[in-house]
Structure formats: C-alpha cells, structure tokens
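# Fold and geometry: a report
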Amino acid sequence: MDSKFTDAAIYNIQHRYAHDYDIIKLCDDYLLHKHAQRNGGAAKGAWPALPKSVTLFGQEYQIELVQELAAAENEYANVNFYRHLIQIDAACDLAVQWSSLCHEVVHIIDHHLMLSLDEPATCRIASGLFEFVAQLGVTAELIEGIGC
Ligand SMILES: [Zn+2]
C-alpha cells in the first residue's frame, strides 16, 4: 500500500497543513484510493451519476453540474443557501462529485442547524460522510430514495 495513504499519514498531513484545499484534496485522494481498493481497483465507473436534487430540512436543493467550475472558482463545488442550489464541477470524476456533494451537504446541515463549523471541520465530517456512503454503496434505488 502506498504509504502516502495510511491512516497515520492522513492524520499527520491534516494537522500539518492549514490550507483547506490541501486537506480537501488529500481527503479526496485518500477516499478514492480506499474506494478503489474496495472495488478491486475499479473506482472509475463504480459511482452512478449524481441525483438532480437533495432535500434537507424540508428544503430542496437543486444540483447543477457546471463546466470548469474548479478552474473559475478554485473549488470543486459550492452551495448557495438562498437559491437552494449546489454547483459541482462537471469534469470531476464521479467519486469526486459524490465526495463534493457530501461536503456541500455538511455545509447545508451546518447552515440550518447553526453549528458554526469551520472549513477544516466541515471537510473532515464530509470525509466521514463520504466514507459512510461509499461503504453502503450508492445504488440506483438509494438515489431514487433521495430524490433523483
Ligand atoms: Zn466547504
């Protein structure tokens, strides 16, 4: 196993670097690596397309895939609480789109419950949520259940 991706390594790196994007990128790399291991190295294509929307706290958030979002905004995804819109970079691998969706869902939970999470905490919780989703396996039935 690549030593870059051990649990101890990701813990150390999360605590060494302050910059959010470093943490997010590393979390994504780590989770994709674990997901690939779980699926016999077939991470690409193992994830279905994102749902069209998700509903949280009774409010429906549309999910929009945006071309070159990462290049324009230096982020894979964002959420607008007033427009109830989650934007995700269309060019990202599907697993990255799902991890980005998990991240924006944590922002929505934070917003609605007024938790005042900072970005690194949001990223870490989102990584845990993504890990949980990956463990369950995202199936067409599950996507239908969350409002595709
Ligand atoms: Zn964020």
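Residues numbered from 1 in each chain as written. Predicted model: local features only at pLDDT ≥ 70, side-chain atom pairs only at ≥ 80, totals over all residues.

### Observations concerning the overall build of the protein chain
Within the protein chain one finds six helices and four strands. Ordered by position from the N terminus, the helices and strands of the protein chain form the series α-α-β-β-α-β-β-α-α-α. Taken over 148 residues, the protein chain has a buried fraction of 25%. (Helix = DSSP H or I, 4+ residues; strand = E, 2+ residues; numbered from the N terminus. Buried ≥ 20, exposed ≤ 12 C-beta atoms within 10 Å, placed from the backbone.)

### Quick word on the environment of Leu94
Mapping Leu94 onto the fold places it in helix 4 (residues 94-113). Residues Leu94 and Pro48, 46 residues apart in the sequence, show an inter-C-alpha distance of 7.2 Å. Ignoring anything within four residues of it in the chain, the contact list for Leu94 reads Trp47 and Ala49. (Contact = placed C-beta atoms within 7 Å.)

### As for the confidence of the model for the protein chain
Residue-level pLDDT values for the protein chain average 75, and 61% of them are 70 or greater. Ignoring residues within four places in sequence, the model shows residues 41-45, a span with pLDDT below 50, making six contacts including any to other chains. Low pLDDT, under 50, characterises residues 144-148; the predicted model gives this stretch nine contacts beyond four residues in sequence or across chains. (pLDDT = per-residue confidence, 0-100.)

### Concerning the environment of Leu129
Tracing the sequence through the fold places Leu129 in helix 5 (residues 119-136). Separated by 26 residues in the primary sequence, Leu129 and His103 place their C-alpha atoms 8.3 Å from one another. Leaving out residues up to four positions away in the same chain, Leu129 has contacts with Cys102, Val105 and Val106.

### Looking at the pairing of strand 2 (residues 59-66)
Where strand 1 (residues 53-56) lies against strand 2, four bridges are found, and the strand directions are antiparallel. Its bridge partner being in strand 2, Thr55 is matched across the sheet by Glu60. Counting the residues between successive antiparallel strands, the hairpin from strand 1 to strand 2 contains two residues, one of them, Phe57, with a positive phi of roughly 55°. Relative to strand 4 (residues 85-89), strand 2 is paired through five bridges, and the arrangement is parallel. Note that in strand 4 the partner of Leu65 across the bridge is Ile88. (Pairing = 2+ DSSP bridges.)

### A short note on the pairing of strand 3 (residues 77-80)
Side chains Ala77 and Val79 project from strand 3 onto a buried face, and the interleaved Asn78 and Asn80 project onto a face without burial. Where strand 3 folds back onto strand 4 in an antiparallel hairpin, the turn is made up of four residues, including His84, whose phi is positive at roughly 50°.

### Here we look at helix 4
Along its 20 residues, helix 4 runs 28 Å from first to last C-alpha, staying within 8% of the 28 Å computed at 1.5 Å per residue. When we look at burial in helix 4, the residues that qualify are Ala95, Val96, Gln97, Trp98, Ser99, Ser100, Leu101, Cys102, His103, Glu104, Val105 and Val106. Immediately beyond the C-terminal end of helix 4, within one or two residues, lies Met114, with a positive phi of roughly 50°. (Expected span 1.5 Å × (residues − 1).)

### Examining the nonpolar core
Counting 20 residues, the largest nonpolar core has Ile63, Ile86, Ile88, Trp98, Leu101 and Cys102 as its most contacted members. Going through the elements one at a time, strand 2, strand 3, strand 4, helix 4 and helix 5 are the ones with two or more residues in this core. The biggest single contributor to this core is helix 4, with seven residues. With residues up to four places along the chain from it excluded, the contact list for Ile86 reads Tyr61, Ile63, Ala77, Val79, Leu101 and Glu104. (Core = buried A, V, L, I, M, F, W, Y, C linked by C-beta atoms within 7 Å.)

### Things to note about the sheet that holds strand 3
One open sheet holds the four strands; their spatial order is 1-2-4-3, and the pairing between them is mixed. Of all strands in the sheet, those with a lone pairing partner are strand 1 and strand 3, marking the two edges. The mean inter-strand angle of the sheet, taken between neighbouring strand axes irrespective of direction, is 20°. (Axes fitted to C-alpha atoms, helices over the stretch in contact; angles between N-to-C directions.)

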